[in-house]
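This is what each chain is made of:
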Amino acid sequence: AQTVTQSQPEMSVQEAETVTLSCTYDTSESDYYLFWYKQPPSRQMILVIRQEAYKQQNATENRFSVNFQKAAKSFSLKISDSQLGDAAMYFCAYQGAQKLVFGQGTRLTINP
Amino acid sequence: DAGVTQSPTHLIKTRGQQVTLRCSPKSGHDTVSWYQQALGQGPQFIFQYYEEEERQRGNFPDRFSGHQFPNYSSELNVNALLLGDSALYLCASIRRFDLAKNIQYFGAGTRLSVL
């Protein structure tokens, strides 16, 4: 079975600084997708960024980028120029042939 | 364009009761998935519906059942509620044709408290 591990329960960063959230996963599948979702206090899960495993190029969405290391099964999220609105729970997720599997989450705090 | 909507927002039940949660998918979406998110945890997949049938199921007991209607909306039913069923229940939708892109859209969830 696929598993997703986020080893940082909590992270904090100064406003305008850069922070990296870690994620590792375990799978025997060769074709899959990886995601980072943001869940603010409003509870709605919002897609931040998506990576297709067959693409070597790391995905980027404005201030958000990933470092995808397929051999190491690592998928970290970098947030540049952190803003107060980035404060939320961040979940790493894996999708292969079956269901979407989430990690335990990392709570990100932005210090003004 | 309405996103995924869930009702009710909050619900309080007692042990042994039954509950029904509702989800309307995003416009144009035909596939609905349900997730259970316990406090401080990541969401866990319950099951997925399309064409009015359950297509995939996670590791949840038969007390958890669902239904999808011809208009693609869906219900999650939980029988014989246990204290451990207290959680946020999330619904996500996708257009089956877009499964390869696999970008699911989530609702804001229903917070269920079992006393």
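In case you missed it, the structure is sitting above this.
Note that the coordinates shown come from a computational prediction; the quantities given were computed from them, not determined experimentally.

Engineer: How should the overall build of chain B be read in this particular structure?
Structural biologist: The number of helices and strands found in chain B is zero helices and eleven strands. The helix and strand sequence of chain B, counted from the amino end, reads β-β-β-β-β-β-β-β-β-β-β. Taking 13 Å as the expected radius of gyration for a compact globule of 115 residues, we find that chain B reaches 13 Å, a close match to that expectation. In chain B, the share of contacts with a sequence separation of at least 24, taken over all contacts with a separation of at least 6, comes to 54%.

Engineer: How should I be thinking about the layout of surface pockets in this particular structure?
Structural biologist: Unoccupied space between atoms shows up once a probe the size of one water molecule is rolled over them. Within this model, the largest pocket holds a volume of roughly 330 Å³. Around the largest pocket, the lining comprises 18 residues; the ones closest to its centre are Lys99 and Val101 of chain A together with Pro43, Gln44 and Phe45 of chain B. Broken down by secondary-structure element, the contributors of at least two residues to the lining of the largest pocket are strand E1 (3-5) and strand E11 (100-102) of chain A together with strand E5 (44-50) of chain B. The element that contributes the greatest number of residues to the lining of the largest pocket is E11 of chain A, accounting for three residues.

Engineer: What is the right way to look at the state of the cysteines in this model?
Structural biologist: Such a bond, covalent and formed between the sulfur atoms of two cysteines, is termed a disulfide. Applying the stated criterion to the full structure yields two disulfides over all chains. Sulfur-sulfur distance for the disulfide between Cys23 of chain A and Cys92 of chain A comes to 2.0 Å. Disulfide Cys23 of chain A-Cys92 of chain A: the torsion about the S-S bond is -70°, which places it as left-handed. One end of the pair, Cys23 of chain A, is in the loop between strand E3 (19-21) and strand E4 (24-26); the other, Cys92 of chain A, is in strand E10 (residues 88-95), with 69 residues separating them in the sequence. Cys92 of chain A shares its class with Cys23 of chain A; the two are buried. The disulfide partner of Cys23 of chain B is Cys91 of chain B, and the gap between their sulfur atoms is 1.8 Å. One quick way to see it: the torsion about the S-S bond of Cys23 of chain B and Cys91 of chain B is about -60°, and its sign makes the bridge left-handed. With Cys23 of chain B in strand E3 (residues 19-24) and Cys91 of chain B in strand E9 (residues 87-94), this pair connects stretches of sequence that are 68 residues apart.

Definitions and limits used
What you see as residue numbers is a count from 1 along each chain, following the sequence as written. For naming, the first written chain is A and the first written ligand is 1, with later ones following in the order written. In view of the model being predicted, local features appear only for residues whose pLDDT reaches at least 70, and side-chain atom pairs are presented and counted only at 80 or more, with totals across whole chains, interfaces and linings using the full set of residues. Processing note: side-chain calculations cover all non-hydrogen atoms of the structure and skip hydrogens and water entirely. Runs of H or I in DSSP of at least four residues are treated as helices and runs of E of at least two as strands, each being numbered from the N terminus. Based on C-alpha atoms, the radius of gyration is set beside the globule rule, defined as 2.2 Å times the residue count to the power 0.38. Between two residues, a contact is recorded if the distance between any of their heavy atoms is within 4.5 Å. Only protein atoms enter the 1 Å grid, on which a cavity is a set of points fitting a 1.4 Å probe that cannot get out and a pocket is an open set with protein on both sides within 12 Å along at least 5 of 7 lines, lining residues being those with an atom within 4 Å of a point. Grid points are joined across faces, edges and corners, and a volume is the space filled by probe spheres set on the points. Sulfur atoms of two cysteines make up a disulfide when they are within 2.5 Å. Burial classes follow relative accessibility: with a 1.4 Å probe on protein chains only, a residue under 20% of its type's maximum area counts as buried, one over 50% as exposed, and anything between as partly exposed.

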